Structures are given as C-alpha cells and as structure tokens.
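Architecture at a glance
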Amino acid sequence: MKTTVFPDPARLTGDQLRGWACALCGARLYRDRSLGLVPDPYTSEYVELWACAPRCSGRRAR
Ligand SMILES: [Zn+2]
C-alpha cells in the first residue's frame, strides 16, 4: 500500500481545512477519502482532512 505524504496544515487553504477542497492537490472534492485528523493552525482544533478518491487526478498535484 502506497504511503500518503501528509500535507502540512499550515500550508493548506481554508477550503482544504474545511474539507471542501482536496488537501493534497487543492481540487474541489466530489468523491473524497479521509486522510485523518490534523491540528488546524488557525483554531488549534483538530480537523479532518479529505482528498480526492480514489486518488488525485495529478492535474495540480505537487
Ligand atoms: Zn486531490
């Protein structure tokens, strides 16, 4: 199983932290998968990150 590189929450946008956009590539989410919980740098609360499912298209992948 491929290891997912976990994104740095400090570099994510508000949309990514709210689960509206992919935390890995920034694309608007339609089908998503959970990456797990990370501390929100703005509120210090834990937020769940989401990413494209089954995988990112690669269009904007870093
Ligand atoms: Zn993605």
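All of the points below concern the structure found in this document. (Residues numbered from 1 in each chain as written. Predicted model: local features only at pLDDT ≥ 70, side-chain atom pairs only at ≥ 80, totals over all residues.)

Bringing the overall build of the protein chain into the picture now. Tallying secondary structure elements over the protein chain gives 1 helix and 2 strands in all. Helices (α) and strands (β) of the protein chain occur, in sequence order from the N terminus, as α-β-β. Residue burial in the protein chain is summarised as follows: out of 62 residues, 18% are buried. Here the analysis covers contacts within the protein chain between residues at least 6 apart in sequence; of these, 43% occur between residues at least 24 apart. (Helix = DSSP H or I, 4+ residues; strand = E, 2+ residues; numbered from the N terminus. Buried ≥ 20, exposed ≤ 12 C-beta atoms within 10 Å, placed from the backbone. Contact = placed C-beta atoms within 7 Å.)

Apart from glycine, the bulk of residues carry a negative phi angle, and the bulk of peptide bonds sit in the trans form. Between A53 and P54 the backbone carries a cis peptide bond, its omega angle lying at -5°. Of note, P54 is situated in the segment after β2 (46–52).

Residue placement: G36 occurs in strand β1 (residues 32–39). Sequence separation between G36 and E48 is 12 residues; the distance between their C-alpha atoms is 5.4 Å.

Structurally, the position occupied by D40 is in the loop between β1 and β2. Look at D40 and you get partly exposed, because 17 C-beta atoms sit within 10 Å. Separated by 26 residues in the primary sequence, D40 and G14 have C-alpha atoms spaced 9.6 Å apart. Residues in contact with D40, not counting those within four places in the same chain, are P9, L17, E45, Y46 and V47.

Attention shifts here to the nonpolar core. One broad trend across soluble globular proteins is that nonpolar side chains are buried collectively. Judged by nonpolar contacts, L12, L17, A21, C22, A23, L24, L49, W50, A51 and C52 together constitute the single largest core of 10 residues. Per element, the largest residue contribution to this core is 4 residues, and it comes from β2. (Core = buried A, V, L, I, M, F, W, Y, C linked by C-beta atoms within 7 Å.)

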